[in-house]
Amino acid sequence: TGGVLPIPDAWSGYLAQAQEMATTRVILFALVNIPLLAIVLNVLRQLIIPRSKTDPPLVFHWIPIVGSTIEYGNNPMKFFVACQEKYGDVFTFILLGRKVTVCLGPKGNNFVLGGKSTVFNAEDAYTHLTTPVFGRDVVYDVPNEVFMEQKKIHNFRAYVGMIEQEVEEFIASDPSFSTYQQNDITAWGAIETVNALSEITILTASRTLQGSEVRENLNKSFAQTYTDLDGGFTSINFMFPNLPLESYRKRDRAQKKMSEFYVDIIKKRRVGDSGQREHDMIAALLDQKYRSGRPLKDHEIAHIMIALLMAGQHTSSATGSWALLHLADRQDVADALYQEQIKHFGINGQPGKFRPLNYEDLKELPILDSIIRETLRVHPPIHSILRAVRDDVPIPPSLAAPSSKSGSGTYIVPKGTAVLASPLFAQMDPKIWKNASKWEPNRWNDPEGVAMLALKEYTDEGGETIDFGFGAVSKGTDSPYQPFGAGRHRCIGEQFAYLQLGTILATLVRKMEFKIPTGVPEHNYHTMITMPKTPRNVHYRRRHFD
Ligand code: HEM
């Protein structure tokens, strides 16, 4: 009595076990209930707490931080249509914890793309994705005035012949066209469309814009470096700029290696001959100076070259792939395209004999032109364009305003929010375009049609023109057709892309007919650039003997 009873071993075992079970229960309880609580609070906050009248409507979402990321990421078009029905043309959604205010339609595009670049800022929206890939001191790593002085694409008339030659050599030698190479006009072969067009795109871009040293190195270590760098240009990198993962380390090593590769070429060119290479971008950038008179430094030229390579590769190869998939699906259009080639380039009615393409002719081919335009309408490679606002910005009431019940207010996008314009949405809007979802190149040949009106607004022919330092372009910010963006950040590769795609498609259709038994695939939105889902094989058969 009075003493402390010793606890038998079995008891202490029970006690420890009980303690362990209690801890496990607490952990389990927390694991289940904390997220549940967060969800409940998040829902209550959206339903009960009154929002500021100036805030655009917030898209309802269950899970905090995740927000509407999954719906948007899986199918932005479907997401925008559903949100427009509920909230109108302007609404905010949560993209991995970040607020993004979407502004739909031509007025939305105009608001986002036509605003001052100091307020609607592209650098803030993109630099975390682009600078690790392109490198420092160019594009979105510098103030826009500096980038404006860097972004110029020069004379490329001579490119057409080079592109034609590259495509012909590819068809004649690449294993994907082995059936073609058998010189048999009855046999059908098949290509994986995106793989083939990616190869053709990089071969043709490097032969022309990038220059002979890049073209010569394509089959060596350059290809692997390019692949590693490209692995840093994905939606995941956009969401999380730096994770401790191997793909990020590979990206950084590849950036360094690629930069050194170009700097090496530049150094050799500075001391050696460049007479043979007057048409490529490195030659042009070596001659270029900032307004201050300072020439570009080696690493700046190198990083601009990387930016051009990355910006042009997936956009052009995706467009070429979609165009080929549709041509394979629409025999009538493919036939019309072939006839157009015979009419302009055929030699005395001899089957399979054409004179070479050239720059002047390429501008006078309405069917080829309409095929590229329509492909870019239905499948713009960039479906969402982002800016980050650096001030509180009022939304013009003609675009969207709070309902009259809550007073005649104005929505305000708060400083720091991202704003989003979607060329895809306006280009597929059934209220604007007849049979909007149908790929119908003919719509571009109707002088009275909406397509022509939209195009007039988008090109120099109509609307307001403005010179950003690389020739007069249309402001075009309120056109419902903007596959190359609009305003200050409008694509600088537009003319090159037309020329590249036109030459590739014309060369292919001269030589082959196509079909696609599985039909044109749907969009895969999981990649940064909208790609066709698999299967995406196109079948081909040669038209003529060699
Ligand atoms: C910008 C589309 C090909 C270089 C853009 C933008 C779009 C676009 C929509 C605007 C992005 C924004 O405002 O945030 C396309 C499409 C292409 C294509 C659809 C092909 C079919 C090319 C090519 C090059 C290129 C071939 C280079 C040779 C650039 C550059 C920018 C840009 C450097 C940034 C311009 C700036 O922010 O000021 N492109 N592009 N693009 N594009 Fe393209």
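Conventions and cut-offs
- Residues numbered from 1 in each chain as written.
- Predicted model: local features only at pLDDT ≥ 70, side-chain atom pairs only at ≥ 80, totals over all residues.
- Heavy atoms only, no water.
- Core = buried A, V, L, I, M, F, W, Y, C linked by side-chain atoms within 4.5 Å.
- Buried < 20%, exposed > 50% of the residue type's maximum accessible area, 1.4 Å probe, protein only.
- Helix = DSSP H or I, 4+ residues; strand = E, 2+ residues; numbered from the N terminus.
- Contact = heavy atoms within 4.5 Å.
- Donors = N, O, S within 2.8 Å, 3.2 Å for Na, K, Ca; no water.
- Near = heavy atom within 4 Å.
- Polar contact = N/O pair within 3.5 Å; in protein donor to acceptor, adjacent residues only side chain to side chain.
- Nonpolar A, V, L, I, M, F, W, Y, C, P; charged D, E, K, R; others polar.
- Pairing = 2+ DSSP bridges.
- Axes fitted to C-alpha atoms, helices over the stretch in contact; angles between N-to-C directions.
- Parallel < 35°, antiparallel > 145°, perpendicular 65-115°, else oblique.
- Left-handed = near helix turned anticlockwise from the far one by under 90°.
- Expected span 1.5 Å × (residues − 1).
- Phe/Tyr/Trp six-rings, centres within 6.5 Å; stacked < 30°, edge-to-face > 60°.
- Lys NZ or Arg CZ within 6 Å of the ring centre and 35° of its normal.

Caption draft 1: Summary view of the nonpolar core. The biggest cluster of nonpolar side chains holds 142 residues, and the ones touching the most others in it are Phe80, Phe111, Phe222, Tyr262, Tyr481 and Leu499. Top element by residues in this core is helix α15 (residues 298-329). It accounts for 15 residues. Ignoring anything within four residues of it in the chain, the contact list for Phe111 reads Cys103, Phe120, Val393, Pro394, Ile395, Pro396, Leu399 and Val413.

Caption draft 2: Main features of the coordination of the iron atom of the ligand. Coordination of the iron atom of the ligand by the protein comes from a single atom, Cys491 (SG), at 2.3 Å. By the secondary structure assignment, Cys491 is in the loop between β10 (472-474) and α21 (494-511).

Caption draft 3: Focus on the site of the ligand. What surrounds the ligand is a group of 27 residues, the closest being Tyr126, Tyr140, Lys151, His489 and Cys491. Side-chain polar atom of Tyr126 to an oxygen atom of the ligand: 2.7 Å apart, as the coordinates give it. Contact distances for the ligand include 2.7 Å between an oxygen atom and a side-chain N or O atom of His489. Elements with a minimum of two residues in the shell around the ligand: α15, β5 (385-389) and α21. With 6 residues, α15 is the largest single contributor of residues to the shell around the ligand. The residue makeup of the shell around the ligand, split by class, is 17 nonpolar, 7 polar and 3 charged.

Caption draft 4: Highlighting the sheet that holds strand β14 (residues 537-542). With antiparallel pairing, the 3 strands of this open sheet are ordered in space as β4-β14-β11. Every interior strand has two partners, whereas the edge strands, β4 (188-192) and β11 (512-515), have only one. Ignoring which end each strand starts from, the neighbouring axes of this sheet average 35° apart. Here β11 runs beside β14; their pairing, made up of 4 bridges, is antiparallel. What sits directly across from Phe514, in β14, is Tyr540.

Caption draft 5: Focus on unusual backbone geometry. Cis geometry marks the peptide bond from Thr534 to Pro535; its omega dihedral reads -5°. For Val139, which is not glycine, the phi torsion reads 50° and is therefore positive. You can see Val139 is positioned in the loop between α5 (122-134) and α6 (144-150). The exposure class of Val139 is buried, given its relative accessible area of 7%. Phi is positive for Asn435, close to 45°, though the residue is something other than glycine. Turning to its location among the elements, Asn435 is positioned in the loop between α19 (423-427) and α20 (450-458).

Caption draft 6: Structural detail: the packing of helix α13 (residues 246-271) against α15. Axis separation between α13 and α15 bottoms out at 8 Å; the angle between their running directions is 120°. Between α13 and α15, the interaxial angle falls into the category oblique. Of the two elements, α13 crosses α15, and the hand of that crossing is right-handed. Counting all contacts with α13, which are made through Gln255, Met258, Ser259, Tyr262, Val263, Ile266, Lys267 and Arg270, the residues of α15 involved are Asp298, His299, Ile301, Ala302, His303, Met305, Ile306 and Leu309. Of the residues belonging to the contact of α13 with α15, the class tally is 9 nonpolar, 4 polar and 3 charged.

Caption draft 7: Local environment of helix α18 (residues 366-378). With 13 residues, α18 should reach 18 Å at 1.5 Å per residue; the first-to-last C-alpha distance of 18 Å fits that figure. The buried fraction of α18 amounts to 10 of the 13 residues, a majority that puts the element mostly inside the structure. Among the residues making up α18, those that are buried are Leu368, Ser370, Ile371, Ile372, Arg373, Glu374, Thr375, Leu376, Arg377 and Val378.

Caption draft 8: Quick peek at the sheet that holds strand β8 (residues 418-421). If you trace the 5 strands from one edge of the open sheet to the other, you get β1-β2-β8-β5-β3, paired in mixed fashion. Looking at which strands have only one partner, the edges of the open sheet turn out to be β1 (90-95) and β3 (120-121). In terms of strand pairing, β5 meets β8 through 4 bridges, oriented antiparallel. Residue pairing in the sheet places Arg387 in a bridge with Val419 of β8.

Caption draft 9: Highlighting the side chain of Arg542. The topology assignment puts Arg542 in strand β14. Overall, Arg542 belongs to the buried group, its relative accessible area being 3%. A polar atom in the side chain of Arg542 sits 2.7 Å from the backbone oxygen of Tyr180. If we skip the residues at most four places from it in the chain, Arg542 touches Tyr180, Asn183, Asp184, Ile185, Lys511 and Met512.

Caption draft 10: Structural context of the packing of aromatic side chains. Enumeration over the complete set of coordinates arrives at 24 aromatic pairs. Ring centres of Phe111 and Phe120 lie 5.1 Å apart, and the angle between their planes is 85°; this geometry places the pair in the edge-to-face category. Phe120 carries the same exposure label as Phe111, and that label is buried. One cation-aromatic arrangement involves Arg490 over Tyr458; the distance from NZ or CZ to the ring centre is 3.8 Å. Between Arg543 and the ring centre of Tyr338, over which it is positioned, the NZ or CZ distance is 3.7 Å.

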